[in-house]
Amino acid sequence: MENITLNKIELRLKELDRDRFIIGIKLICMFLFLYTAYAKIVDHDRFIKGLSKVHIINGFAVYISWFVPASEILTFVLLLIPKMVKWGFVSFLWLMFSFTGYIVGAMIFEKTLPCHCGGVIEKLSWAQHLWFNLFFIGLAALALWLLESNTKYKNHQNEKF
């Protein structure tokens, strides 16, 4: 009996650690997107001018200049709502993969590489920016995996009782 009680306590502690880790990653992702969306909206003219200088997207610069910060804010809101966290991480990953694809495309096809991400992130080189994005993709993927494995565990426990 004592062994079963200790196992349940240990399992609950592991769940708590997992939940705290997920919350930590969620807060970091939320801060990143809220910060970059704010920077893009506050200095929108500079953001749209930067987008216009990139040949592979310049025809869509106006649309992209509003779509990107709106998507970042929407992702922030999804991560904020407890029942929507999974979709928030999926949205975060989709956007980060898109941004990373854009960086790779710009590094390959553009002669000059203007950065217009907003705030201190603009200080990164394009290679650093690529690693930065890959790091956040890894964090969000880990959080999504932990969230999913936690959900599977909870569903499995509910089936027993």
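Quick caveat, the model's predicted, so the values are computed rather than measured.

Colleague: Just to check I follow, could you spell out a nonpolar patch on the surface for this structure?
Modeller: Among the surface-exposed residues, Leu34, Ile41, Val62, Trp66, Ile73, Val77, Leu80, Ile81, Met84, Trp87 and Val90 lie close enough to one another that they form a single nonpolar patch of about 950 Å² accessible area. Going through the elements one at a time, helix 1 (2-42), helix 3 (61-80) and helix 4 (85-109) are the ones with two or more residues in the nonpolar patch. For the nonpolar patch, the element with the highest residue contribution is helix 3, accounting for five residues. Residue Val62 is classed as partly exposed on the basis of its relative accessible area of 48%.

Colleague: How should the confidence of the model for the chain be read in this particular structure?
Modeller: Across the chain, pLDDT averages 84, with 80% of residues at or above 70. Taken element by element, the chain is modelled with least confidence in helix 5 (residues 126-160), mean pLDDT 79, and with most confidence in helix 3, mean pLDDT 96. Counting contacts from residues 156-161, a segment whose pLDDT is below 50, to residues more than four positions away or on other chains yields zero contacts.

Colleague: Quick question: what am I supposed to make of the packing of helix 2 (residues 44-52) against helix 3 here?
Modeller: Angle between the axes and distance between the axes: these two values describe a pair of packed helices. Put simply, helix 2 and helix 3 touch, their axes get as near as 9 Å, and they point 125° apart. Judged by the inter-axis angle, helix 2 sits oblique to helix 3. Crossing handedness for the pair helix 2 and helix 3: right-handed. Contacts between helix 2 and helix 3 involve His44, Phe47, Ile48, Leu51 and Ser52 from the former and Ala61, Val62, Ile64, Ser65, Trp66, Val68 and Pro69 from the latter.

Colleague: Is there a simple way to think about helix 2 in this case?
Modeller: An α-helix turns once every 3.6 residues. As a result, residues three or four positions apart point the same way. Looking only at helix 2, the buried set comprises His44, Phe47, Ile48, Gly50 and Leu51. Mapping the buried residues of helix 2 onto a view down its axis gives an arc of 160°, with all of them on the same face. Seen from the open side of helix 2, the exposed residues pointing more than 90 degrees away from its buried face are Asp45 and Lys49.

Colleague: Looking at this structure, how should I read the environment of Lys26?
Modeller: Mapping Lys26 onto the fold places it in helix 1. By relative accessible area, which is 15% here, Lys26 ends up buried. Along the backbone, Lys26 and Phe76 are 50 residues apart, and their C-alpha atoms lie at a distance of 9.1 Å.

Colleague: What is the right way to read the packing of aromatic side chains from this model?
Modeller: Describing an aromatic ring pair means giving the distance of the ring centres and the angle of the ring planes. The tally for this structure, following the rule as stated, stands at seven aromatic pairs. Between Phe92 and Phe136, the ring centres sit 6.5 Å apart and the planes meet at 55°, which makes this aromatic pair tilted. In this pair, Phe92 sits in helix 4 while Phe136 sits in helix 5, placing the two residues 44 residues apart along the sequence. Grouped by ring-pair contacts, the aromatic residues Phe33, Phe92, Phe99, Phe132, Phe135 and Phe136 constitute a single cluster. Between the NZ or CZ atom of Lys40 and the centre of the ring of Phe99, over which it lies, the distance is 5.7 Å. The ring of Trp87 has Lys86 sitting right over it, with the charged end atom 5.9 Å from the ring centre.

Colleague: Is there a simple way to think about the pattern of salt bridges in this case?
Modeller: When the charged atoms of two side chains with opposite charge come close together, those side chains can pair. This structure, assessed with the given rule, holds three salt bridges. In this structure, the salt-bridge partner of Glu148 is Lys86, at a minimum N-O distance of 3.5 Å. Here Lys86 lies in helix 4 and Glu148 lies in helix 5, a separation of 62 residues in the sequence. Classification of Glu148 by relative accessible area gives partly exposed; the value is 26%.

Reading the values: the criteria
Residues numbered from 1 in each chain as written. Predicted model: local features only at pLDDT ≥ 70, side-chain atom pairs only at ≥ 80, totals over all residues. Heavy atoms only, no water. Patch = residues over 30% accessible without salt bridge, like charges linked within 9 Å, V, L, I, M, F, W, Y side chains within 5 Å. Areas by Shrake-Rupley, 256 points an atom, 1.4 Å probe, with all protein chains shown as cover. Salt bridge = Lys/Arg side-chain N within 4 Å of Asp/Glu carboxyl O. Helix = DSSP H or I, 4+ residues; strand = E, 2+ residues; numbered from the N terminus. Buried < 20%, exposed > 50% of the residue type's maximum accessible area, 1.4 Å probe, protein only. pLDDT = per-residue confidence, 0-100. Contact = heavy atoms within 4.5 Å. Axes fitted to C-alpha atoms, helices over the stretch in contact; angles between N-to-C directions. Parallel < 35°, antiparallel > 145°, perpendicular 65-115°, else oblique. Left-handed = near helix turned anticlockwise from the far one by under 90°. Arc of directions from axis to C-beta. Phe/Tyr/Trp six-rings, centres within 6.5 Å; stacked < 30°, edge-to-face > 60°. Lys NZ or Arg CZ within 6 Å of the ring centre and 35° of its normal.

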